[in-house]
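So the chains spell out like this:
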Amino acid sequence: MEISKNKTLKWISIVILTLFIIIFSYARAMKETIYGDFHVFWLAGKTLFEGGDLYYTGPGLREFIYPPFAAILFLPLSFISFNWATYLFFFINFFLWGLSIKTIDLILAETGVDQKKKNYILMASTFLSFKLCWNNIMMVQVNLVVLSCSLLGILYFLRKKENYAIAFFCVAIATKIFPIFFAFWVILRGSKKTFFKFLLGAIACIVLPSLIVGPSKAMADIIQYADFFFHKFLGQRELTLSYANQSLSGTIFRLFSTLHDGGQPMVTIYDFGAETAKKIYITLDVLSFFALIGVFIFRRIKKRSISILEPALVMLVAHLTSTITWKAHLVSMLFVFAALLTVDLKKLPLLLRAFGVFILSYSLLVGVLGQEIVGKKWQVILGSVGDYTWMMVAIYLFIVTLSVRDTSELR
């Protein structure tokens, strides 16, 4: 009788949740304008099919700054009207959110976490990252597409199925370039053939658009994207000072120079000047990247088994070193928190245990505090000082410390 009641409650909950998604998604999708983020991808799919210029930006519209392959993913949605495509994409995003949680569940099982602890970890990580995932959905962003592909790549890599893992990672990288750091992880922790497999995957992602637009047009699109990436992104390192940008570059400039976004409060702690601030964040970017590589090499030399903390470290470095890390990008914290919660703090030395408790407490505080609680003014101030930036830095330092220890006994 008790089992029957539980099943009934479960199905009632599913029905209510489904109805909410149907009604909410429709109301929100019909309000979406062509000046938002999703229109960029919808238009890219349409432009790809019509053989137009992927990287032409119309007046007032947001520019398409992604690899040509990304347009392929949204090609099916481009055959229906924009608002109805948005409505369908809301369903896709909610599905991918659930898929990400389920994939993390499988990853935890793969790393030996027992069922009771898995349930606790999944609930806690979903709660801690809820605001970020919800922000992604409300902004109609595509970050859950990238996250779900990355998580499936992690799962198959842990299962020692490299071909599947690399295929999913290549799709993630070819959609948004920042998951490229997973290539370093897989190459350094995988087999001797991994590099060549990644190379083949990259070639496939480059060639696929040519099946739609032809080789010459596909090559022209690749050249345009490469020009953007190497000159605007890697060369000029375009500066975004908005409080919502939680990358190291944005936070360092807001705190250590007088540069700030117009209409937002200046939170300068000390003015080192723009040039010195730039040197500071570039140095931190380089150090964080080489520490990441060093951890992977160290663990391979020591013949340590692959830890769930390693891909979490990849995600943190990707977000910290990016020029722009909007809060909607941080949906990957769903996995980072799950990886963090696998660590048994009781087995750590006192200082490291205290640091872990501080990180979890701070993450909870940041995850709860929002505009509804502190108001818009304080939300802007907290974002300006880098509330999520410093949370990621703290978790990064914690994981690096644990990664050079033997973490096999920490669960």
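Described below are features of the structure shown in this document. (Residues numbered from 1 in each chain as written. Predicted model: local features only at pLDDT ≥ 70, side-chain atom pairs only at ≥ 80, totals over all residues. Heavy atoms only, no water.)

**Concerning helix α7 (residues 162-175)**
Over its 14 residues, α7 extends 20 Å from the first C-alpha to the last, a length consistent with the 20 Å expected when each residue adds 1.5 Å. E162, A165, I166, F169, C170, A172, I173, A174 and T175 are the residues of α7 that are buried. Contacts made by the buried residues of α7 are with α3 (68-73), α6 (143-158), α8 (181-189) and α9 (194-207). (Helix = DSSP H or I, 4+ residues; strand = E, 2+ residues; numbered from the N terminus. Expected span 1.5 Å × (residues − 1). Buried < 20%, exposed > 50% of the residue type's maximum accessible area, 1.4 Å probe, protein only. Contact = heavy atoms within 4.5 Å.)

**Side note on the pattern of salt bridges**
Scanning all chains against the criterion turns up 10 salt bridges. In this structure, E310 and R189 form a salt bridge, with 3.0 Å as the shortest nitrogen-oxygen distance. Residue E310 is found in helix α14 (residues 309-321), and its partner R189 is found in helix α8; the two are separated by 121 residues along the sequence. R189 shares its class with E310; the two are buried. Residues R299 and E310 are paired through a salt bridge, measuring 2.7 Å at the closest nitrogen-oxygen approach. Taken together, the residues R299 in helix α13 (residues 274-301) and E310 in helix α14 connect sequence positions 11 residues apart. Judged by its relative accessible area of 1%, E310 is buried. One salt-bridge network, held together by shared partners, links K102, D105 and K118. (Salt bridge = Lys/Arg side-chain N within 4 Å of Asp/Glu carboxyl O.)

**Quick word on the environment of Q115**
Structurally, Q115 can be placed in helix α5 (residues 115-138). Residues Q115 and R304, 189 residues apart in the sequence, show an inter-C-alpha distance of 24 Å.

**Notes on the packing of α14 against helix α15 (residues 333-341)**
Two elements in contact, α14 and α15, have axes whose closest approach is 9 Å; the angle formed by their N-to-C orientations is 140°. Considering their axes alone, α14 and α15 lie oblique with respect to each other. α14 and α15 meet at a crossing whose hand is left-handed. Contacts between α14 and α15 involve L309, P311, A312, M315 and L316 on the former and, on the latter, M333, F335, V336, A339 and L340. The class makeup of the residues in the contact of α14 with α15 is 10 nonpolar, no polar and no charged. (Axes fitted to C-alpha atoms, helices over the stretch in contact; angles between N-to-C directions. Parallel < 35°, antiparallel > 145°, perpendicular 65-115°, else oblique. Left-handed = near helix turned anticlockwise from the far one by under 90°. Nonpolar A, V, L, I, M, F, W, Y, C, P; charged D, E, K, R; others polar.)

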